[in-house]
Amino acid sequence: MKKSLVASVIGAALLGSTAVLAAGVTDAMIEKDASTGNDVLSSGLGTEGQRYSPLKQINAGNVSKLTPAWSMSFGGEKQRGQESQPLVYNGKMFVTASYSRIFAVDVKTGTKLWKYEHRLPDGIMPCCDVVNRGAALYDNLVIFSTLDAQLVALNQDTGEVVWKEKIDDYQAGYSNTAAPLIAKGLLLTGTSGGEFGVVGRVEARDPRTGQLVWVRPTVEGHMGYKYDKAGNKTENGISGTTNKSWPGDLWKTGGASTWLGGTFDNKTGLAYFGTGNPAPWNSHIRPGDNLFSCATVAIDVATGQIKWHYQNTPNDGWDFDGVNEFVTFDGPNGKRLGGKADRNGFFYVLDAENGKLENAFPFVKKVTWASGVDLKTGRPNFVPENRPGDPSKGADGKKGNVVFAAPSFLGGKNQMPMAYSPKTNYFYVPANEWGMDIWNEPITYKKGAAYLGAGFTIKPLNEDYIGAMRAMDPKTGKIVWENKNPAPLWGGVLATGGDLVFYGTPEGYLKAVDSKTGKDLWKFQTGSGVVAPPITWQDGDTQYVAVVSGWGGAVPLWGGEVAKKVNFLEQGGSVWVFKLTK
Ligand code: CA
Ligand code: CA
């Protein structure tokens with residue numbers, strides 16, 4: 001690999017080529033990814049996750065002339081949910097697809113350069129479809145995670161595997177779907193599997209070799225470790241006190257999986273990872289806060305220590321995974337803040353340095369489990385009668401009281417990432433309005449089996465819509481505008497300096513709306529449902545927009561009565577690229 005790079009450098013010099021040879025993706029390039037419009041180097045268009053591009057060639061005045069430049073099919077019989085955000089660098093697009101596939105595509109023509117299909121074993125256990133949400137770039141590598149809980153690093157030019165590492169045992173329910181994060185020269189990843197009683201954690205590796213640098217579990221009681229150059233564990237302090245917030249041995253299989261990956265803010269030096277539900281779902285057998293489940297943990301990247309945590313749903317009883325992205329932004333008086341639209345229906349604004357709660361307000365119309373969030377204590381005001389009942393107190397000891405809860409466990413927002421525009425100072429939140437009947441049942445842990453202790457049926461709340469794209473003002477907590485959508489929104493959002501907000505719908509449209517008013521300005525039918533976040537970049541004098549299309553994800557699998565409403569949608573698997581017609 002090194003040899004071929006040297007050879008091509010010499011070759012270019014001998015030929016007197018004027019082509020710019022890429023030196024590889026550096027930490028400095030990743031740190032300023034958000035402001036460089038000619039590439040997309042990270043998930044979130046910048047590790048802060050704002051999903052904002054300053055580009056404005058395509059703008060509110062001319063977006064009606066946006067037309068396809070090319071489209072490429074992921075092919076094969078493997079379709080299902082396509083939740084991937086592409087990356088663009090050095091004339092190539094890197095895009096992952098369902099079933100742990102990744103493609104490199106000529107970004108100008110749409111010609112496939114190479115593809116890698118990870119060999120998946122029988123018996124993988126992804127809870128919520130065979131999705132992948134994207135890759136990371138570092139040096140001349142493109143790195144992504146797989147459904148059997150591995151990390152694979154490939155040569156950007158050839159698609160050859162440079163290194164491969166196992167994160168954990170897929171037979172115990174571990175899997176991986178998130179895009180890895182690069183921060184301060186380290187590759188940071190989480191893990192999926194909260195429905196199987198795995199132990200959530202954040203891992204840091206050397207992106208060039210895959211070697212572990214530190215591991216920080218997100219269930220209180222588990223040890224974190226640093227690793228020396230020889231790969232030996234060294235103690236890195238305990239993660240809280242055993243049995244302080246978990247009864248008995250439940251912490252050993254406590255969930256809190258970090259399945260949506262993380263964000264990183266160079267101004268604070270902290271990586272922010274959201275944590276999923278405590279396991280099992282039945283909350284009555286684990287009284288206590290069950291740290292660090294359903295929370296944001298802020299990790300000092302240099303040491304692997306949790307610097308602060310903020311728990312959105314202590315002692316969760318509704319599967320309100322707190323995995324949602326913590327997006328940092330500049331607040332008043334030079335304060336660095338972070339925003340998070342949680343599955344539990346509340347939008348939180350925290351001080352990104354210390355985790356202090358600055359503001360919390362609902363971003364959905366119906367929330368039953370809490371009447372609000374106490375801004376002094378930072379804790380939710382629970383509505384006790386709206387917690388699913390204790391099965392041991394039920395009539396037959398096998399089923400607790402059924403309650404109707406909103407949001408549903410699929411959340412006021414789920415995996416689809418929001419955007420923040422420093423131009424409008426609004427967050428653009430893809431929200432869903434739905435509820436569920438939920439009840440608890442007795443449950444014991446068994447390796448590789450679902451570990452819920454709950455049953456549920458998801459129901460729409462309104463006749464005419466479930467999804468709602470909302471512009472939220474983080475200062476006032478007000479919805480500035482909203483665009484309703486019949487199907488639940490499941491793709492992400494892109495905001496641009498051209499006063500535009502782009503987002504996709506399960507009905508198959510990629511849409512552009514006015515960032516200040518939400519007015520519909522453009523839409524294009526991609527041929528299958530869009531459940532992935534759009535990107536934009538400029539190549540030479542042309543700005544492009546891209547999005548992956550392919551209906552699937554958790555809704556058709558778990559959506560109950562909602563799934564019946566969207567079962568007419570067709571599967572697919574392709575990436576679309578657009579530019580303005582002259
Ligand atoms: Ca960039
Ligand atoms: Ca969960």
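Residues numbered from 1 in each chain as written. Chains lettered and ligands numbered in written order. Predicted model: local features only at pLDDT ≥ 70, side-chain atom pairs only at ≥ 80, totals over all residues. Heavy atoms only, no water.

Quick look at the pairing of strand β8 (residues 141–145)
(1) Moving on: By the criterion of burial, β8 is predominantly enclosed, with five of the five residues buried.
(2) Moving on: Side chains Leu 141, Ile 143 and Ser 145 of β8 all project onto a buried face; the interleaved residues Val 142 and Phe 144 project onto the opposite face, where all are buried too.
(3) Moving on: Relative to β8, strand β7 (residues 136–138) runs antiparallel, the two sharing three bridges. Its bridge partner lying in β8, Leu 137 is registered against Val 142.
(4) Moving on: As consecutive antiparallel partners, β7 and β8 are separated by two residues, and within that stretch Asp 139 has a phi angle of approximately 55 degrees, a positive value. (Buried < 20%, exposed > 50% of the residue type's maximum accessible area, 1.4 Å probe, protein only. Helix = DSSP H or I, 4+ residues; strand = E, 2+ residues; numbered from the N terminus. Pairing = 2+ DSSP bridges.)

Points about the coordination of the calcium ion (ligand 2)
(1) Moving on: With distances of 2.3 to 2.7 Å, the protein atoms coordinating the calcium ion (ligand 2) are Glu 195 (OE), Asn 277 (OD1), Asp 319 (OD), Asp 321 (OD) and Asp 321 (OD).
(2) Moving on: Each donor residue of the calcium ion (ligand 2) lies on one chain, and together they are spaced E-x81-N-x41-D-x1-D. One end of the pair, Glu 195, is in the loop between β12 (186–189) and β13 (201–205); the other, Asp 321, is in the loop between β20 (306–311) and β21 (327–330), with 126 residues separating them in the sequence. For the residue pair Glu 195 and Asp 321, the accessibility class agrees, reading buried in each case. (Donors = N, O, S within 2.8 Å, 3.2 Å for Na, K, Ca; no water.)

Quick look at the coordination of the calcium ion (ligand 1)
(1) Moving on: Protein-derived coordination of the calcium ion (ligand 1) comes from Asp 33 (O), Asp 33 (OD), Thr 36 (O), Thr 36 (OG1), Asp 39 (O) and Asp 39 (OD), at a distance range of 2.2 to 2.5 Å.
(2) Moving on: Coordination at the calcium ion (ligand 1) is irregular, judged from the six donor atoms that bind it and the angles of 70 to 171 degrees they form at the metal.
(3) Moving on: Taking the relative accessible area as the measure of exposure, Asp 33 reaches 3% and is therefore buried. (Tetrahedral: all angles 85-135°; square planar, octahedral: opposite > 155°, others 65-115°.)

Focus: the nonpolar core
(1) Moving on: In terms of nonpolar packing, the biggest core is built from 76 residues, with Met 93, Phe 502, Trp 522 and Trp 537 touching the most fellow members.
(2) Moving on: Within the second largest apolar cluster, 40 residues are counted, among which are Ala 298, Met 436, Val 555 and Leu 569. (Core = buried A, V, L, I, M, F, W, Y, C linked by side-chain atoms within 4.5 Å.)

Examining the sheet that holds strand β30 (residues 434–440)
(1) Moving on: Pairing is antiparallel across the open sheet formed by three strands, whose spatial order is β27-β30-β31. Edge positions in the sheet fall to β27 (403–405) and β31 (454–460), since each has one partner strand and no second. Pairs of neighbouring strands in the sheet enclose a mean axial angle of 25 degrees, with direction left out of account.
(2) Moving on: Pairing of β27 with β30, which is carried by three bridges, proceeds in the antiparallel orientation. (Axes fitted to C-alpha atoms, helices over the stretch in contact; angles between N-to-C directions.)

Quick notes on the pattern of salt bridges
(1) Moving on: Across all of its chains, the model carries 27 salt bridges by this definition.
(2) Moving on: Two residues, Lys 108 and Asp 539, come together in a salt bridge whose shortest N-O distance is 3.1 Å. Taken together, the residues Lys 108 in the loop between β5 (101–106) and β6 (112–117) and Asp 539 in strand β38 (residues 535–539) connect sequence positions 431 residues apart.
(3) Moving on: The salt bridge involving Asp 499 is made with Lys 516; its shortest N-O contact spans 3.6 Å. A residue pair is termed long-range when its members are at least 10 positions apart, and Asp 499 in the loop between β34 (493–496) and β35 (500–504) and Lys 516 in the loop between β36 (509–514) and β37 (520–525) qualify at 17 residues.
(4) Moving on: Look at the salt bridges and you will find they share partners, linking Asp 168, Arg 201, Glu 203 and Arg 205 into a network. (Salt bridge = Lys/Arg side-chain N within 4 Å of Asp/Glu carboxyl O.)

Points about empty space enclosed by the protein
(1) Moving on: In total, this model carries four cavities of 30 Å³ or more according to the counting rule given.
(2) Moving on: In this structure, the largest cavity encloses a volume near 390 Å³.
(3) Moving on: Together, 33 residues line the largest cavity, and Ser 43, Gly 44, Arg 51, Leu 260 and Gly 262 are the ones closest to its centre.
(4) Moving on: When residues of the lining of the largest cavity are traced back to their parent elements, those giving at least two are β7, β11 (181–183), β17 (262–265) and β18 (270–274).
(5) Moving on: Looking at the lining of the largest cavity, the element that brings in the most residues is β18, giving three residues.
(6) Moving on: Taken together, the residues that form the lining of the largest cavity break down as 16 nonpolar, 13 polar and four charged.
(7) Moving on: Of the pockets and cavities examined, the second largest cavity occupies roughly 70 Å³.
(8) Moving on: Mapped by element, the contributors of at least two residues to the lining of the second largest cavity are α2 (27–31) and β11.
(9) Moving on: With three residues, α2 is the largest single contributor of residues to the lining of the second largest cavity.
(10) Moving on: Broken down by class, the residue content of the lining of the second largest cavity amounts to four nonpolar, two polar and four charged. (1 Å grid on protein atoms, 1.4 Å probe; cavity = no way out; pocket = protein on both sides within 12 Å on 5 of 7 lines; lining within 4 Å. Points joined across faces, edges and corners; volume = space filled by probe spheres on them. Nonpolar A, V, L, I, M, F, W, Y, C, P; charged D, E, K, R; others polar.)

Some words on the state of the cysteines
(1) Moving on: Under the definition given, this model contains one disulfide.
(2) Moving on: Between Cys 127 and Cys 128 runs a disulfide, and the two sulfur atoms are separated by 2.2 Å. A torsion of -105 degrees about the S-S bond marks the disulfide between Cys 127 and Cys 128 as left-handed.
(3) Moving on: By relative accessible area, Cys 128 is classed as partly exposed at 25%.
(4) Moving on: Distance from the sulfur of Cys 294, which forms no disulfide, to the nearest cysteine sulfur (Cys 127) is 14 Å.
(5) Moving on: With relative accessibility at 0%, the residue Cys 294 sits in the buried group. (Disulfide = S-S within 2.5 Å.)

With respect to the pairing of β12
(1) Moving on: Taking every second residue as pointing to the same face, both faces of β12 are buried, with Leu 186 and Leu 188 on one and Leu 187 and Thr 189 on the other.
(2) Moving on: Of the strand pairs in this sheet, β11 and β12 are connected by three bridges, and their pairing is antiparallel. Among the inter-strand pairings, Ile 182 is bridged to a residue of β12, identified as Leu 187.
(3) Moving on: Taken together, β11 and the strand that follows it, β12, pair antiparallel across an intervening segment of two residues, in which Lys 184 is found at a positive phi of about 50 degrees.
(4) Moving on: Sheet topology places β12 next to β13; three bridges connect them, and they run antiparallel. Bridge pairing links Leu 188 to Ala 204 in β13.

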